[in-house]
Amino acid sequence: MAGRPRKPLDATGARDSALRALGRREHSAAELQAKLKRRGHDADTAAEVVEGLSERGWQSDSRYAEMLVRNRVQQGYGRLRIVAELEAARVPREDISAALEAAECDWTGLACSLQRRRFGGPPAGAAEWQKQYRYLAGRGFESGPIRAALKGGAQEPETDPD
């Protein structure tokens, strides 16, 4: 195969590769190790390199979790979807909890906003209710915020004329 010669698969090459990946975006430790293994580095070297980067503060699962939570909330995803994505990236539970707390997200308000933007108003009948419920559940919202959104929650309260 012609092209540029491949670097030897050593710790320096793994470190360089990991730093390039981290320069583009945050990665969880497990995600970064998997990426290094896919690029041909052995598991021990990948683990050592990622551990060294974590010790120096260049890789952080908590920073990754905060970034992912912030991005997914902006994209209109619910708590369950975000937690599942962080668990799939093997981020520790305490980092997940801390990132969700730091986000201070109003999940009901987010579900209501998404429902209004997507559907324009409350469901007209049972079939429409199910359709909207499935959509919001698929985005990772829990049943409480979904029901509030479908009932027209988080709208301006009506003032009593009395």
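Residues numbered from 1 in each chain as written. Predicted model: local features only at pLDDT ≥ 70, side-chain atom pairs only at ≥ 80, totals over all residues. Heavy atoms only, no water.

(A) Fine view of unusual backbone geometry. Look at Arg 90: it is not a glycine, yet its phi comes out positive at around 55 degrees. In this fold, Arg 90 is placed in the loop between helix H5 (79-88) and helix H6 (93-103). You will see that Glu 104, though not glycine, has its phi angle at about 45 degrees, which is positive. Relative to the helices and strands, Glu 104 is located in the loop between H6 and helix H7 (107-119). (Helix = DSSP H or I, 4+ residues; strand = E, 2+ residues; numbered from the N terminus.)

(B) Looking closely at the packing of helix H2 (residues 29-38) against helix H3 (residues 43-55). For the pair H2 and H3, the least separation of the axes is 9 Å and the interaxial angle reads 140 degrees. Between H2 and H3, the crossing angle belongs to the class labelled oblique. As for the relative orientation of H2 and H3, their crossing is right-handed in sense. Taken together, the residues of H3 that come into contact with H2 (itself represented by Ala 29, Leu 32, Gln 33, Leu 36 and Lys 37) are Ala 43, Ala 46, Ala 47, Val 49, Val 50 and Leu 53. Partitioned by chemical class, the residues of the contact of H2 with H3 number 9 nonpolar, 1 polar and 1 charged. (Axes fitted to C-alpha atoms, helices over the stretch in contact; angles between N-to-C directions. Parallel < 35°, antiparallel > 145°, perpendicular 65-115°, else oblique. Left-handed = near helix turned anticlockwise from the far one by under 90°. Contact = heavy atoms within 4.5 Å. Nonpolar A, V, L, I, M, F, W, Y, C, P; charged D, E, K, R; others polar.)

(C) Geometry of the environment of Gln 132. Its location among the elements puts Gln 132 in helix H8 (residues 126-138). Residue Gln 132 is classed as buried on the basis of its relative accessible area, which comes to 1%. Ignoring sequence-local partners within four residues, the contact set of Gln 132 consists of Gln 115, Phe 119, Gly 121, Pro 122, Pro 123 and Leu 150. (Buried < 20%, exposed > 50% of the residue type's maximum accessible area, 1.4 Å probe, protein only.)

(D) Broad picture of the nonpolar core. Ranked by internal contacts, the top residues of the largest apolar core, which has 25 residues, are Ile 82, Leu 86 and Phe 141. Only helix H4 (61-74), H5, H6, H7 and helix H9 (143-150) provide two or more residues apiece to this core. Ignoring anything within four residues of it in the chain, the contact list for Phe 141 reads Gly 76, Tyr 77, Gly 78, Leu 80, Trp 107, Leu 110, Ala 111, Leu 114, Leu 136 and Ile 146. Listed in part, the 11 residues of the second largest apolar core include Leu 22, Leu 32, Val 49 and Leu 53. (Core = buried A, V, L, I, M, F, W, Y, C linked by side-chain atoms within 4.5 Å.)

(E) Representation of the pattern of salt bridges in the model. This structure, assessed with the given rule, holds 5 salt bridges. For Glu 31, the salt bridge identified is with Arg 25, shortest N-O distance 3.3 Å. Here Arg 25 falls in the partly exposed class, since its relative accessible area comes to 36%. In this structure, Glu 85 engages Arg 72 in a salt bridge whose closest nitrogen and oxygen atoms are separated by 2.7 Å. Here Glu 85 is found in helix H5, whereas its partner Arg 72 is found in helix H4, with 13 residues between them in sequence. (Salt bridge = Lys/Arg side-chain N within 4 Å of Asp/Glu carboxyl O.)

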